[in-house]
Structure formats: structure tokens, C-alpha cells
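Survey of secondary and tertiary structure
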Amino acid sequence: MTAREDLNVLAWGRVHRGRHFVSDPATRNGVGAAIRETAEAGASTLAHGLGRSYGDSGLNLGGGLVRTTGLDRLIAFDRAAGIVRADAGLSLDALLRVTVPAGWFVPVTPGTKFVTLGGAVANDVHGKNHHLAGTFGSHVTRFGLWRSDRGEIECAPDENADLFALTIGGFGLTGVITWVEVRLERIASAMLEVENIPVDDLDAFFSLSERSDSWPFTVAWVDTLARGERLGRGIFSRGRWAGNGGLNPHRSGGPRLPLDAPGGLLNSLTVGAFNRLYRARPGARFHGRQHYDPFFYPLDRLRDWNRMYGSRGFYQWQCAIPTAHMREAVRVLLDTVAASGDASFLAVLKTFGDAPSPGVLSFPMSGATLALDFANRGADTLSLLSRLDRVVAEAGGRLYPAKDGRLPQAMFRAGFPRWTELEAARDPILMSSFWRRMTEEA
Ligand SMILES: Cc1cc2nc3c(=O)[nH]c(=O)nc-3n(C[C@H](O)[C@H](O)[C@H](O)COP(=O)(O)OP(=O)(O)OC[C@H]3O[C@@H](n4cnc5c(N)ncnc54)[C@H](O)[C@@H]3O)c2cc1C
């Protein structure tokens, strides 16, 4: 018997939470044992990494979770070819400490380094370089997968190819990934040449995006309180690896937010004050060098920053809009937010490229992506999100399940029409709260 604990587990947005039977295997055989026991008990379970998914896709309320963070060994690192193979519970945080001094970086990184390799594959995460590098899954060469019906198997583009494609962006439902092999990107330095450029409106954002195609990393912060002619104003940031400057990895630590902020610190008044200061600070117009840690991971500086939204938590919402409709749809989305009087603290706008992912259910599509977050104010917040959903649906876009804990079933099915292939390939003992919502018949 593997040890199991009855624990209250929270998603990163802290709206979705609840009791789970959690097992913590530290070896691949331990994963197998946890899966066998779940199958024998006729129960369900789900792999759980570092819990950085905001909604309910990483939870399995009332069922089990196999927490993978004890499965964290580096198995092999070819320093000449830049190919690394590691346990699926290894975090990017730990991986980068080894690979950066050797001159290699992960080919794609999300906005936090506190994600596991398994989580990065299961959500086929994207980063600031999507327009040139595609998703994380595009750089994965093979992985191990434990299934209740087949034991541990290997998946690669030429081996169990359909499971390879359905596991990349498969929300953890095709099996528990035990190890991942990924091709890294060569870097000459841990520093980036960075330009932060204030933009006055949405047209300025899109025009600068077009002119920055050769910059590997681009993203913009948007002031969602700006209206009228200033709609879409913000700060456009672009970066490229520097040719020199040392290969020092990031340091560990940083302060933690020890408590939930009483009543939530983030409301339209505080966000308005923050936005004014953010645009006026010297770094808003900056051309210079920056270490990768503040460039890619500014939020990691304050651990548990998600507690700033108070005990009721917050909703993240992220859409992808196809190129043909992106300008108009983003305009309507920002207008809807500004008119609502609610404010999004972390509003991020970026254009996606057209590199296809090997993942069948990957989120990115050629066009634009807008990510917003809102403190949970109950029905008012849900009503605003529904209005935003409608704009995305009309534009032929989709929402990111890793971020969203209330994504409506019809919208998911329309945005990811191949979801039935995932359901057919799902390991029968694996289930998540999200997948239950997406598959149950009304
Ligand atoms: C501050 C912040 C910034 C972010 N920025 C981005 C971004 O820029 N781009 C982006 O794409 N995402 C972004 N994310 C989302 C995050 O990258 C994903 O949610 C990621 O999947 C989380 O990894 P995790 O290890 O925490 O996995 P969890 O959140 O614990 O799990 C995520 C999913 O992966 C599955 N899973 C985890 N491990 C395994 C495994 N071993 N085998 C099978 N399935 C597994 C789970 O079942 C679940 O479905 C961000 C999140 C935060 C908090």
C-alpha cells in the first residue's frame, strides 16, 4: 500500500479547492503502485504537479491525486547536444539551475518557473517566444507514460504516436507522465537584451508586434482601465538572448505572502493606482540588459502572490483569437472590461505564431492571446466573464483550460472539436474536475 493523505488542495486561483486522497510517490514504480491501487479500489485519480493551474483542470474533487513533485531526478543531460531527460516532477526552477551554467535554456517557458515538466507537457504550455518557437510540446522528443491498462510505455513521434499527440496538451488524462526528454535552446549568456516600449493604444501594440517578429520574446502589459482613444495602452516588452554576460542561474528564495490579504488588496482603485505608477516608473521605458529571472518570471519574486486576492480567490481568463478577427475582438474585449468598472491587475496581450504543435488539444492558435484576472466577486465577476466568452466565441477563438475554472462546456467543445479523441484515449481511472464538467451530458 502506498501512503495516502486526505488533504484540502487548492488550485492556483484559489476559487476551486477541496478534499483529495493524495499519494506522493518518489519513484516510477511508486507511480505504478498508486495507479494499481486506484484501479483496484474502483476510484479515480489525476497527476498533480506544482499546482500552478488556476482553475479545476489540475483537481479531481472527491477523488485521488498522484502528486509528482517527489519524482524529481535528472536522469541524463547531454551537454553537447542539449538534450535533457528528467523525471516528470522536476521543476523548471531546479532544471535551469543545472542547464544554465552549461549554456542551455528550456526552449519554451511559461511565466513561472515553478511548474513541473509533466505539467508543462500536459498543458502544452507556451511562452513569450510562441511566434518563433511554438509550444513546449514541439521540443519534447519522448516521454514515459504509466497507464492502468498498459503499465509504463514510451511515447515519441514514431512510437505510440497517437498517445504522444494526445498527451501533449491532454490535461493529464492519458496517463501519468513519468519522465520527459526535451531539446534545449543554446544560450551564450543568462542575460537578455531587453526593450520596454510604452504604447498608446491597440493599433500601436499590433504595429509594434508586427515589427518585432525577429525578436524571439515579445509580450505586452495592458492598462485595462484605459478607455476611448487610449484603449489598449500599455507597455510592449521584447527581448533576445545577449551574446555575453555570464551563465549565472537564478537565486533561490524570495519573500512569501504569509496570509490572505484581508478583503483582497486588488480592486479597481488599487489597480488604477498601480497602473499609473507602473506606466510612470523608469523601467517602463527601458533599453538594456536583464537577467532571465526578472525578465521571464517577475511574479516569482513574491511567493504565494495569489493570496493578494483575499480568501475568495480570483479567476484567470485567457483567450486565443484567430488572426482574421484579433484586432476587432481584442478591442471589444478591452472595451467590455473597461466599461465594467472591474479591473484586471495582470492583463497580458501577445500575438501567437502559426507553428503547429504536435498536441491534438493545444490551446494556442495563430492570432492573439489576451490573459486577464479578476478578484472573485461572485455573480458580477461570472457575468463579466460570460460577456467576454461571447466575444471570443463569435470571433472563432477559444479559452485556455489551464487558466479557467468555469469554462462552459459548449465553449470548450466548440474551441477544441477533437476533444472526443482525448476522451476515447483517456486512461479509464484518470479524471479531473474539469473533464467531468466537459464530458457529462446535460
Ligand atoms: C504565474 C503563472 C504564470 C503562468 N504563465 C503561463 C504561460 O505563460 N503560458 C502557459 O502556457 N501557462 C502559464 N501558466 C500556467 C502553467 O504553466 C500551467 O498550468 C502548468 O501546466 C502548471 O504546471 P504544474 O506542474 O503546476 O501542473 P499542475 O497545475 O499541478 O497540473 C496541470 C495539469 O498537468 C497535469 N499533470 C501534471 N503533472 C503530470 C504528469 N506527471 N503526468 C500527466 N499529467 C500531469 C495535471 O493533471 C493537470 O491537468 C502560468 C501559471 C502561473 C501561476
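Structure report, in brief. (Residues numbered from 1 in each chain as written. Predicted model: local features only at pLDDT ≥ 70, side-chain atom pairs only at ≥ 80, totals over all residues.)

Each helix and strand counted, the protein has 13 helices and 19 strands in total. In terms of overall size, the protein behaves like a compact globule, its C-alpha atoms giving a radius of gyration of 21 Å where 442 residues would be expected to give roughly 22 Å. Principal-axis analysis of the C-alpha atoms gives the protein an extent of 60 × 55 × 45 Å. Here the protein, with 442 residues, has 49% of them falling under the buried criterion. (Helix = DSSP H or I, 4+ residues; strand = E, 2+ residues; numbered from the N terminus. Rg over C-alpha atoms; globule rule 2.2 N^0.38 Å. Buried ≥ 20, exposed ≤ 12 C-beta atoms within 10 Å, placed from the backbone.)

Membership of the largest hydrophobic core comes to 115 residues, with the highest contact counts inside it found for Val121, Ile177, Val180, Ala220, Ile321 and Val330. With residues near it in sequence (within four places) discarded, Val121 still touches Phe136, Gly137, Val140, Phe143, Thr167, Ile168, Ile177 and Val180. (Core = buried A, V, L, I, M, F, W, Y, C linked by C-beta atoms within 7 Å. Contact = placed C-beta atoms within 7 Å.)

The immediate surroundings of the ligand are formed by 33 residues, with Gly49, Pro110, Gly118, Gly119 and Gly172 found nearest. Considering every element that reaches the shell around the ligand, the biggest residue donor is helix H3 (residues 117–122), with four residues. By residue class, the composition of the shell around the ligand is 15 nonpolar, 17 polar and one charged. (Near = placed C-beta within 6 Å. Nonpolar A, V, L, I, M, F, W, Y, C, P; charged D, E, K, R; others polar.)

For Arg233, the position within the fold is in the loop between strand E13 (217–222) and strand E14 (234–241). Spatially, the C-alpha atoms of Arg233 and Pro110 are 23 Å apart, while their sequence positions differ by 123 residues. Not counting chain neighbours up to four residues away, the residues in contact with Arg233 comprise Val199, Asp200, Asp201, Asp223 and Ala226.

Moving on: the packing of helix H9 (residues 323–340) against helix H10 (residues 379–394). Angle between the axes and distance between the axes: these two values describe a pair of packed helices. Contact geometry of H9 with H10 gives a least axis separation of 10 Å together with a crossing angle of 165°. When the axes of H9 and H10 are compared, the pair comes out roughly antiparallel. The two elements H9 and H10 cross, and the hand of that crossing is right-handed. In this structure, H9 uses Ala329, Val332, Leu333, Thr336 and Ser340 to contact H10, whose residues at the interface are Leu384, Arg387, Leu388, Val391 and Val392. For the contact of H9 with H10, the class distribution of residues is seven nonpolar, two polar and one charged. (Axes fitted to C-alpha atoms, helices over the stretch in contact; angles between N-to-C directions. Parallel < 35°, antiparallel > 145°, perpendicular 65-115°, else oblique. Left-handed = near helix turned anticlockwise from the far one by under 90°.)

Time to look at the environment of Phe296. Structurally, the position occupied by Phe296 is in helix H8 (residues 292–296). Spatially, the C-alpha atoms of Phe296 and Thr112 are 7.3 Å apart, while their sequence positions differ by 184 residues. Among residues more than four places away in sequence, those in contact with Phe296 are Thr109 and Gly111.

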